[in-house]
Amino acid sequence: MKKVILTGDRPTGKLHLGHYVGSLRQRVELQNSGEYDEIFIMIADAQALTDNAENPEKIRQNIVEVALDYLSCGLDPEKSVIHIQSQIPELFELTVYYMNLVTVSRLQRNPTVKSEIQLRNFEASIPVGFLAYPISQAADITAFKATAVPCGEDQQPMLEQTREIVRKFNSIYGETLIEPEILLPDNKACLRLPGTDGKAKMSKSLNNCIYLSDTADEVRKKVMGMYTDPNHLRVSDPGQVEGNPVFTYLDAFCRDEQFERYLPEYQNLDEMKAHYRRGGLGDVKVKKFLNSVLQEELEPIRNRRKEFEKDIPYVYEVLKKGTEAAREVAAGTLADVKKAMKINYFDDLELINEHIRKFSK
Ligand code: TRP
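Residues numbered from 1 in each chain as written. Predicted model: local features only at pLDDT ≥ 70, side-chain atom pairs only at ≥ 80, totals over all residues. Heavy atoms only, no water.

What about the site of the ligand?
Heads up, the condition is: Definition of nearness: a residue and a molecule or strand are near each other if at least one heavy atom of the residue lies within 4 Å of the molecule or strand. N or O atoms within 3.5 Å of each other form a polar contact, as long as, within protein, one can give a hydrogen and the other can take it, and as long as residues adjacent in sequence are counted only when both atoms are side-chain atoms. Values of accessible area rely on a 1.4 Å probe in the Shrake-Rupley scheme; residue burial ignores everything except the protein chains shown. Elements are defined by DSSP. Helices are runs of H or I of four residues or more, strands are runs of E of two residues or more, and each kind is numbered from the N terminus. Gly is placed with the polar residues, together with every amino acid not listed as nonpolar (Ala, Val, Leu, Ile, Met, Phe, Trp, Tyr, Cys and Pro) or charged (Asp, Glu, Lys and Arg).
As a structural note, the neighbourhood of the ligand is formed by Leu6, Thr7, Gly8, Asp9, Arg10, Ala44, Gln47, Gln137, Asp140, Ile141, Val149 and Gln155. A distance of 3.3 Å is found between an oxygen atom of the ligand and a side-chain nitrogen or oxygen belonging to Arg10. Measuring from a nitrogen atom of the ligand, one finds a side-chain N or O atom of Gln47 at 2.7 Å. Burial of the ligand by the protein amounts to 91% of the accessible area it has alone, namely 360 Å². Elements represented by at least two residues in the shell around the ligand include exactly strand 1 (4-9) and helix 8 (133-143). For the shell around the ligand, the residue count by class is four nonpolar, five polar and three charged.

Structural data, given as structure tokens:
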């Protein structure tokens, strides 16, 4: 079986470190591993509109931002098909047929949808499109016959729903669709990167993000202002490492060799954590180290972004070509689906002949 990746992001803002460690960094690695036959990266603008219906301008502005983030992180249009969801109508045809295989109560039980409904105060008036977006996401994934979906932990319920839809479709209409597996980052700290304020998640609305496109100065200021252990008042006080976002970021980003370069008094992060726990290690020192580590990772990304920003027509060309290529694949799957459902009337000679016989009696 072919090995195929599909994953994507909603273009509601620039991408931040949470996106990066949760999925983007791994995508680039998977892309460069050469282990996959096809890789599709979707800018999910139609999904973004399910809770931004009154604000298409925001989505429109952020498509190119996300594309720039992708390219500057090393997604290579020669290897990965970067495409725009709304320009592939086949996805929405698939969605309509899948809708018949899912109950409203099943959607209401989807944990990610549930928490997003709360977050957006949608309880009393949920847009139908929003409630149904897991079905549309199943269409995104199955349209490309994806075998693997690298994404953050929050997408796990979407993958579950997709697999249920695939099983149900195949059991009713015969083996047609592929059940995908989720690829989560192996590093625990990367599953859900907290905000700079220590809140559970980086989120634009909470204003606690470090963006891939932030300047060196912005990154430094955000790092130096990060929430740490509130009980670690004096340098000599023992500090807590668990739930301390500065250490979670270090877990996600730092490598042993960076201690040699920036903080040779420790061999590795474990030694640094032990010192913090004992007392005697100040937050400023930890934050300065984190800043060096992050700058090292972000500088090449930032520099590549500046180059791509000088050639926006190229970025649009990448999106257009990728969307055309992706559309062809989705159209192939839609044809398979319609055939399996026997709603391909004009290609179905058996049906036409049957009707000729039936009405000639
Ligand atoms: N739901 C994803 C997010 O919130 C975006 C997305 C849309 C996606 N379609 C997808 C992710 C298919 C993985 C696979 O960012």
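What follows continues from the structure just given.
Overview of the nonpolar core
Definition in use: Put simply, a nonpolar core is a bunch of buried Ala, Val, Leu, Ile, Met, Phe, Trp, Tyr and Cys residues held in one set by side-chain atoms that sit within 4.5 Å of each other. The buried label goes to any residue with under 20% of its type's maximum accessible area, the exposed label to any with over 50%, and the partly exposed label to all in between, with areas taken from a 1.4 Å probe on protein chains only. Throughout, a residue-residue contact means that at least one pair of heavy atoms, one from each residue, lies within 4.5 Å.
Counting 61 residues, the largest nonpolar core has Leu250 and Met272 as its most contacted members. Considering every element that reaches this core, the biggest residue donor is helix 3 (residues 56-73), with eight residues. Beyond its immediate sequence surroundings of up to four residues, Met272 is in contact with Leu250, Phe259, Leu263, Tyr266, Leu281, Val286 and Phe289. Core analysis: the next-biggest nonpolar cluster, separate from the first, contains 40 residues, Cys151, Phe169, Ala326 and Met341 among them.

Here we look at the pairing of strand 1
Where we set the bar: When DSSP finds two or more bridges between a pair of strands, those strands are recorded as paired. With the strands aimed away from the viewer, a crossover counts as right-handed if its path from the first strand over the helix to the second runs clockwise.
Of all six residues in strand 1, five are buried, a share of seventy percent or more. With six bridges connecting them, strand 1 and strand 2 (residues 38-43) associate as parallel partners. Looking across to strand 2, one finds that Ile5 is bridged to Ile39. Running through helix 1 (residues 17-33), the crossover from strand 1 to the neighbouring parallel element strand 2 is right-handed.

A few points about the environment of Thr103
Along the polypeptide, Thr103 turns up in the loop between helix 4 (90-99) and helix 5 (104-109). By relative accessible area, Thr103 is classed as partly exposed at 46%. On a C-alpha basis, the gap between Thr103 and Ala132 in space is 9.9 Å, while along the polypeptide they are 29 residues apart.

Some points on a nonpolar patch on the surface
We count it as follows: The residues that make up patches have over 30% relative accessible area and no salt bridge, and they are joined within 9 Å when like-charged or within 5 Å when they are Val, Leu, Ile, Met, Phe, Trp or Tyr. We define a salt bridge as a contact between a side-chain nitrogen of Lys or Arg and a carboxyl oxygen of Asp or Glu at a distance within 4 Å.
Together, Leu349, Ile352 and Ile356 make up a nonpolar patch on the protein surface, roughly 290 Å² of accessible area in all. Along the chain, Ile352 turns up in helix 16 (residues 349-360). Judged by relative accessible area, Ile352 falls into the partly exposed class, the value being 37%.

Here we look at the domain arrangement of the protein chain
Where interface size is given, it is often the accessible area lost as the parts come together that is meant. Our working rule: Annotation comment: domain bounds sourced from an automatic or database domain assignment. Two parts lose some accessible area (1.4 Å probe) when they are put together, and adding that loss for both gives the buried area.
Parsing the protein chain into structural domains produces domain 1 (4-192 + 312-353) and domain 2 (214-308). Between the C-alpha centres of domain 1 and domain 2 the distance comes to 34 Å. With 18 residues of domain 1 at the interface, the matching set in domain 2 holds 11 residues. Together, the buried faces of domain 1 and domain 2 total about 1200 Å²; carbon and sulfur atoms form 61% of this surface. Three residues, Leu17, Ser72 and Ala189, lead the burial of domain 1 against domain 2; their summed loss comes to 40% of the area buried on that side. Inspection of the region where domain 1 meets domain 2 yields three salt bridges. The salt bridge partner of Glu297 is Arg25, with a shortest N-O separation of 3.7 Å. At the boundary of domain 1 with domain 2, the tally comes to six residue pairs in polar contact (both at pLDDT 80 or more). Looking at the side of domain 1 that touches domain 2, the elements with two or more residues in it are helix 1, helix 3 and helix 15 (312-340). By residue number, the principal contributor to the side of domain 1 that touches domain 2 is helix 3, which donates six residues. A class-by-class count of the residues in the side of domain 1 that touches domain 2 yields 11 nonpolar, three polar and four charged.

Some words on helix 8
One turn of the α-helix equals 3.6 residues, which is why residues spaced by three or four share an orientation. Taken across its 11 residues, helix 8 has 11 buried, putting it largely inside the fold. Those residues of helix 8 that fall on the buried side of the exposure criterion are Tyr133, Pro134, Ile135, Ser136, Gln137, Ala138, Ala139, Asp140, Ile141, Thr142 and Ala143. Directly beyond the C-terminal end of helix 8, a positive phi value near 50° is found at Lys145.

As for the environment of Ala216
Topologically, Ala216 is positioned in helix 10 (residues 216-224). For the pair formed by Ala216 and Asn291, sequence separation is 75 residues and the distance between their alpha carbons is 9.2 Å. In this structure, Ala216 is in contact with Gln295 and Arg302, ignoring residues within four places of it in sequence.

With respect to the state of the cysteines
Filter applied, for reference: Two cysteine sulfur atoms form a disulfide, by the criterion used here, when they sit within 2.5 Å.
According to the stated counting rule, one finds zero disulfides in the structure shown. Cys73 carries a free sulfur, and the closest cysteine sulfur to it, the one in Cys190, is 14 Å from it. With no disulfide of its own, Cys190 lies 11 Å from the sulfur of Cys254, the closest cysteine sulfur.

A closer look at the packing of aromatic side chains
The description of two aromatic rings rests on the distance between their centres and on the angle between their planes. Under the convention used in this document: Stacked, tilted and edge-to-face are the three classes applied to pairs of Phe, Tyr and Trp rings, where Trp contributes its six-membered ring and a pair requires centres within 6.5 Å; stacked means planes under 30 degrees apart, edge-to-face means over 60, and tilted covers the rest. Look at NZ for Lys and CZ for Arg. If either is within 6 Å of the ring centre and within 35 degrees of the ring normal, a charge sits over the ring.
With the rule as written, the count across this model stands at 11 aromatic pairs. The interplanar angle of 80° and the centroid separation of 6.5 Å between the aromatic rings of Phe259 and Tyr266 together place this pair among those described as edge-to-face. Look at Phe308 and Tyr314: their rings are 6.2 Å apart centre to centre, the planes differ by 15°, and that puts the pair in the stacked class. Accessibility expressed as a relative area gives 33% for Tyr314, which makes it partly exposed. Three or more aromatic residues link up through ring pairs in this structure, and these residues are Phe259, Tyr262, Tyr266 and Phe289. Over the aromatic face of Tyr36 sits the side chain of Lys3, whose NZ or CZ is 4.8 Å from the ring centroid. Here the basic side chain of Arg10 rests over the ring of Tyr133, its NZ or CZ set 4.6 Å away from the ring centre.

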